[in-house]
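# Structure assessment
So you can see what is in the structure, the chains are spelled out below.
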Amino acid sequence: MSNPTLTENQKTQAEIAAPVRSTRRQRDYQQISLYKDVNPLDWEDWHWQLKHRIRSKDELSQIIKLTAEEEKGLEKDKGRLSLAITPYWATLIDPEDPTCPIRRQAVPVAAESVVAPHEMVDPCAEDRDSPAPHLVHRYPDRVLLLATDHCAMYCRHCTRRRLVGEHEKEDNSAGKFDAAIEYIKSNKKVRDVLISGGDPLTLEDDVLESLVSRIREISHVEFLRIGTRVPVTLPQRITEGLANMLKKYSPIWMSIHFNHPKEITKRCKLACDMLSEAGIPLGSQSVLLKGINDRPYIMKKLVHELLQIRVRPYYIYQCDPVRGTQHFRTPVAVGINIIEKLRGHTSGYAVPTYVIDGPGGGGKIPIGPNYILSQAKGKYVLRNYKGKIYTYLE
Ligand SMILES: *Cc1c(COP(=O)(O)O)cnc(C)c1O
């Protein structure tokens, strides 16, 4: 009997053995003329990094050779998601290769202004499920708190592009989170608060601490999570001061947005080590992106490298149908195939859950290979990762 799964597997072995396309290594910042005179202490200062982010086509063209598509993407300023690239992230960009996965996540292209018919402003209907400003309540026992509209870098695939950016309108009043905190207080079922944004780690330590401590005071909140990309885009932000502050509010868990093995540098590892050593369990969330991480061998390399820096792969997201992201989206089968090539073939800890956030507010729906071949009364016919068939009797 011919077995399609086995042939698939054989194909994968070849794919996994294929060398990762050789990519230029990270540049030392002194090799970039714009930064050649920067003092190493400034370079390591996260405020310096934020202040010197690349915000214009002019600055960017001093770092990379822009393509026509990128030039077009950069010309359009109005209505576009903000441009901001940390100098640190810029050192990871291949200046010559427009397909560089680091570059494509940060540099807008013309395709970003194309809106496909099914794309939405708020694909996960977060605004509809918001009982208080900055709060999203979708699941019974946990809430999402959007702590800021700012990020260190704006990812071109951002699903919350309707909110985030370097606009001036952000409310920074002292009472900003009062209604959200009141809502959590009066909702005894909420045992888990996920602080995200924007990126909450772009807030100053004291601002973040005041928010974290107010949530911590609520007795029915069992734990906090922080969703961030800062360890990847601005690892200098992870200071001893921040780590010690967060440590006081344990248990805090952290989900870090990682998409490609090139993001795992020595500097990033140092940041993750500091967080781990502060007792913060780390997980990763990745967005499946066409031409960036949609090959099983790239994802496999990513999850293996994540385990080595003590980050547990948590989710792979199908790229949400948010306006202007069609060029990043892959077929769902691509994601399923990645899980197929991981589960059983490598450590269980390395296998994230592939999810689609149900358009219109359905929440995260797990999608994966089907291992149940047939199911009858008291009998399951299953296949394993190699395609071998097993019967389980209940
Ligand atoms: C992702 C998400 C959560 C957290 O979901 P988990 O599966 O528990 O990680 C909570 N609320 C909202 C609105 C979310 O989108």
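Bear in mind the structure is a predicted one, so any value in this text is a computation, not a measurement. (Residues numbered from 1 in each chain as written. Predicted model: local features only at pLDDT ≥ 70, side-chain atom pairs only at ≥ 80, totals over all residues. Heavy atoms only, no water.)

## Focus: the site of the ligand
Within the structure, the ligand sits among V136, R138, Y139, R142, L144, L194, R225, Y314, Y315 and K364. The side chain of Y314 places a nitrogen or oxygen atom 2.5 Å from an oxygen atom of the ligand. When the free accessible area of the ligand is taken as 390 Å², the share hidden by the protein chains comes to 90%. Those elements that provide at least two residues to the shell around the ligand are strand 1 (135-139), strand 2 (142-146) and strand 7 (311-317). Here the element with the most residues in the shell around the ligand is strand 1; it accounts for 3 residues. (Near = heavy atom within 4 Å. Polar contact = N/O pair within 3.5 Å; in protein donor to acceptor, adjacent residues only side chain to side chain. Areas by Shrake-Rupley, 256 points an atom, 1.4 Å probe, with all protein chains shown as cover. Helix = DSSP H or I, 4+ residues; strand = E, 2+ residues; numbered from the N terminus.)

## Some details on the domain arrangement of the protein chain
Segmentation of the protein chain into domains returns domain 1 (13-113) and domain 2 (135-367). Between the C-alpha centres of domain 1 and domain 2 there is a distance of 22 Å. Taken together, the contact pairs 40 residues of domain 1 with 44 residues of domain 2. Contact between domain 1 and domain 2 buries roughly 3,500 Å² in total, counting both sides, with carbon and sulfur atoms accounting for 58%. The largest contributions to the domain 1 side of the interface with domain 2 come from W46, L81 and Q105, which together make up 23% of the buried area. The tally of links from domain 1 across to domain 2 stands at 4 salt bridges. Between R161 and E112 there is a salt bridge, and its shortest N-O distance comes to 3.4 Å. Between domain 1 and domain 2 we count 19 residue pairs in polar contact (both at pLDDT 80 or more) in total. Residue assignment for the side of domain 1 that touches domain 2 shows that the elements contributing at least two residues are helix 1 (4-17), helix 3 (46-51), helix 6 (87-92) and helix 7 (101-106). For the side of domain 1 that touches domain 2, the residue count by class is 22 nonpolar, 8 polar and 10 charged. (Domains from an automatic or database assignment. Contact = heavy atoms within 4.5 Å. Buried area = accessible area lost by both parts, 1.4 Å probe. Salt bridge = Lys/Arg side-chain N within 4 Å of Asp/Glu carboxyl O. Nonpolar A, V, L, I, M, F, W, Y, C, P; charged D, E, K, R; others polar.)

## A look at helix 13 (residues 296-308)
For helix 13, spanning 13 residues, the distance from its first C-alpha to its last is 18 Å, which sits close to the expected 18 Å at 1.5 Å a residue. Turning to helix 13, its buried residues are P296, Y297, I298, M299, K300, L302, V303 and L306. One or two residues past the end of helix 13 sits R310, with phi positive at roughly 65°. (Expected span 1.5 Å × (residues − 1). Buried < 20%, exposed > 50% of the residue type's maximum accessible area, 1.4 Å probe, protein only.)

## Side note on the packing of helix 9 (residues 205-216) against helix 11 (residues 240-247)
Helix-helix packing: each pair is described by the crossing angle between the helix axes and the interaxial distance. In the contact formed by helix 9 and helix 11, the axes pass within 11 Å of each other and the chain directions differ by 10°. If you check the angle between helix 9 and helix 11, you find them roughly parallel. Counted together, D205, L208 and E209 of helix 9 and G241, L242, M245 and L246 of helix 11 form the full contact between these two elements. Classifying every residue of the contact of helix 9 with helix 11 by side-chain character gives 4 nonpolar, 1 polar and 2 charged. (Axes fitted to C-alpha atoms, helices over the stretch in contact; angles between N-to-C directions. Parallel < 35°, antiparallel > 145°, perpendicular 65-115°, else oblique.)

## Brief notes about the nonpolar core
Y35, I85, V193, I195 and F258 are the most contacted members of the largest nonpolar core, which has 86 residues in total. Here the element with the most residues in this core is helix 12 (residues 266-277); it accounts for 5 residues. Here this core gathers at least three residues from each of two domains, domain 1 (13-113) and domain 2 (135-367). Among the nonpolar cores identified, the runner-up in size contains 6 residues, and A84, Y154, C158 and V164 belong to it. (Core = buried A, V, L, I, M, F, W, Y, C linked by side-chain atoms within 4.5 Å.)

## A word on the sheet that holds strand 12 (residues 389-393)
Spatially, the 3 strands line up as an open sheet ordered 10-11-12, and their pairing is antiparallel. Looking at the sheet topology across the chains shown, the edges are occupied by strand 10 (372-376) and strand 12. Strand-to-strand twist across the sheet, computed as the mean angle between neighbouring axes with direction ignored, equals 15°. Two strands pair when backbone bridges link them, and strand 10 and strand 11 (residues 379-383) are joined in this way by 4 bridges, in the antiparallel orientation. When the bridges of strand 11 are listed, S374 appears paired with V381. (Pairing = 2+ DSSP bridges.)

## Observations concerning the pattern of salt bridges
Summed over all chains, the structure comprises 31 salt bridges. For E222, the salt bridge is made with R191, and the minimal N-O distance between the two is 2.9 Å. Of the two residues, E222 sits in the loop between helix 9 and strand 4 (223-228) while R191 sits in the loop between helix 8 (178-186) and strand 3 (192-196), which places them 31 residues apart along the sequence. The class of R191 is partly exposed, set by a relative accessible area of 26%. Taken together, the salt bridges that share partners define one network made up of D122, E126, D127, R160 and R162.

## Thoughts on the sheet that holds strand 1
One open sheet holds the 9 strands; their spatial order is 1-2-3-4-5-6-7-8-9, and the pairing between them is mixed. Where the open sheet ends on each side, the last strands, each with one partner, are strand 1 and strand 9 (363-366). For this sheet, the mean angle separating the axes of adjacent strands, direction not counted, is 30°. Judged from the 5 bridges that link them, strand 2 and strand 3 form a sheet pairing that is parallel. The partner of L146 across the bridge, within strand 3, is S196. Of the strands in this sheet, strand 5 (252-257), strand 6 (282-287) and strand 7 are in contact with helix 12, which crosses strand 6 at around 135°.

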